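Coordinate inspection notes
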Amino acid sequence: NAGVMQNPRHLVRRRGQEARLRCSPMKGHSHVYWYRQLPEEGLKFMVYLQKENIIDESGMPKERFSAEFPKEGPSILRIQQVVRGDSAAYFCASSLTGGPQPQHFGDGTRLSIL
Amino acid sequence: QQQVKQSPQSLIVQKGGISIINCAYENTAFDYFPWYQQFPGKGPALLIAIRPDVSEKKEGRFTISFNKSAKQFSLHIMDSQPGDSATYFCAAIRSTGNQFYFGTGTSLTVIP
């Protein structure tokens, strides 16, 4: 499968636990974006990464959220000490280059907080 | 503040009819305007996109109309089919930007 791969597809956590969401971009893509989608809403940008670098994290909450895209392996979105308000669908997208170019999305991780 | 405003929120169209979804924006620095189609439980899939140097782009049954002076663009789905039933999102990005700004989505239902 040459598309953007996200796992897990569904993740259930209790308040206070940590959530780790993984994203493998399309083959050949080195630009990764994370978005959050709440029910009945559009996608909201969180962070943009290239290999080993965070380029733009202007949409990321200042606390508890972090992202990385290591030289080897998938990009990780990490949410520490989760709260009920973190329940959402988290989508990863990748592109061949940055800027105004097509972004291709994975099928998301649905995070539910008990 | 919503950078891209999308309407209607929901739309019901007869099979064979034309579905029209509209978006408006304020930031004249936006340089690329894609439309995405999303089915339940799936990620958004790129449908068609346009840049501001053209007023219309057509791909099969899907057409984007772009009005630069009015800062509006719309998606037209000709000969709408039940399989087109999905949520559609417009988006925009600046020429020097990194993030897409998405509309709030239109839930389209095409009835047989």
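Data block above holds the structure.
One structure accompanies this document, and this report is about it.

Procedures and definitions
- Residues numbered from 1 in each chain as written.
- Chains lettered and ligands numbered in written order.
- Predicted model: local features only at pLDDT ≥ 70, side-chain atom pairs only at ≥ 80, totals over all residues.
- Heavy atoms only, no water.
- Helix = DSSP H or I, 4+ residues; strand = E, 2+ residues; numbered from the N terminus.
- Buried < 20%, exposed > 50% of the residue type's maximum accessible area, 1.4 Å probe, protein only.
- Pairing = 2+ DSSP bridges.
- Axes fitted to C-alpha atoms, helices over the stretch in contact; angles between N-to-C directions.
- Polar contact = N/O pair within 3.5 Å; in protein donor to acceptor, adjacent residues only side chain to side chain.
- Contact = heavy atoms within 4.5 Å.
- Patch = residues over 30% accessible without salt bridge, like charges linked within 9 Å, V, L, I, M, F, W, Y side chains within 5 Å.
- Areas by Shrake-Rupley, 256 points an atom, 1.4 Å probe, with all protein chains shown as cover.
- Salt bridge = Lys/Arg side-chain N within 4 Å of Asp/Glu carboxyl O.
- Disulfide = S-S within 2.5 Å.

1. Details of the overall build of chain A
Looking only at helices and strands, chain A features 0 helices and 11 strands. Counting helices and strands in the order they occur from the N terminus, chain A gives β-β-β-β-β-β-β-β-β-β-β. Projected onto its principal axes, the C-alpha positions of chain A cover 35 × 25 × 25 Å. A total of 114 residues make up chain A; the buried ones form 44% of that total.

2. Considerations on the sheet that holds strand 3 (residues 19-24) of chain A
Residue and element names in this part refer to chain A. Here 4 strands make up an open sheet; going across it, the order is 1-3-8-7 and the pairing antiparallel. Across the chains shown, the open sheet's two edge strands, defined by having one partner strand only, are strand 1 (5-7) and strand 7 (65-68). Looking at each pair of strands side by side, their axes are set apart by 15° on average, direction ignored. Sheet topology note: the strand 7/strand 8 (residues 75-79) ladder contains 4 bridges and is antiparallel. Residue pairing for strand 8: A67 is matched across the bridge by L77.

3. A closer look at the side chain of A:S95
Residues and elements named next belong to chain A. Its place among the elements puts S95 in strand 9 (residues 88-95). Of the polar contacts made by the side chain of S95, one reaches the backbone oxygen of T97; its length is 2.5 Å. The residues contacting S95, other than those within four sequence positions of it, are H29, S30, H31, Y33, P102 and Q103.

4. Topic: the side chain of A:H31
All names here are of chain A. Tracing the backbone through its elements, the reader meets H31 in strand 4 (residues 31-37). Accessibility expressed as a relative area gives 9% for H31, which makes it buried. Reaching out from H31, the side chain makes a polar contact with the side chain of Y48 at a distance of 2.6 Å. At 3.5 Å, the side chain of H31 forms a polar contact with the backbone nitrogen of G98. The residues touching H31, leaving out its near neighbours within four places in the chain, are Y48, L49, Q50, A93, S94, S95, L96, T97 and G98.

5. What to know about the environment of B:I50
Residue and element names in this part refer to chain B. You can see I50 is positioned in strand 5 (residues 45-50). The buried category is assigned to I50, whose relative accessible area is 1%. Taking C-alpha positions, I50 is 6.1 Å from Y32, a pair spaced 18 residues apart along the chain. Apart from residues no more than four positions distant in its own chain, I50 is found in contact with Y32, F33, S55, E56, K57, I64 and F66.

6. Observations concerning a nonpolar patch on the surface
Taken together, the side chains of B:I18, B:I20 and B:M78 define a hydrophobic patch exposed on the protein surface, amounting to about 240 Å² of accessible area. By secondary structure assignment, the location of B:I20 is in strand 3 (residues 19-25).

7. Regarding the state of the cysteines
Residues and elements named next belong to chain B. Following the criterion strictly, the structure yields 2 disulfides over all chains and no others. With a sulfur-sulfur separation of 1.9 Å, C23 is cross-linked through a disulfide to C90. Sign of the S-S torsion, about -90° for the bond between C23 and C90, identifies this disulfide as left-handed. Within this pair, whereas C23 is found in strand 3, its partner C90 is found in strand 9 (residues 86-94), the two being separated by 67 residues in sequence. The residues C23 and C90 share a single accessibility class, namely buried.

8. Observations concerning the sheet that holds strand 8 (residues 72-77) of chain B
Residues and elements named next belong to chain B. The antiparallel open sheet is built from 5 strands, whose spatial order is 1-3-8-7-6. Of all strands in the sheet, those bounded by a partner on one side alone are strand 1 (4-7) and strand 6 (56-59). Strand-to-strand twist across the sheet, computed as the mean angle between neighbouring axes with direction ignored, equals 15°. Taken together, the 6 bridges between strand 7 (residues 62-67) and strand 8 define a ladder with antiparallel strand orientation. Each bridged residue has a counterpart across the sheet, and for T63 the counterpart in strand 8 is H76.

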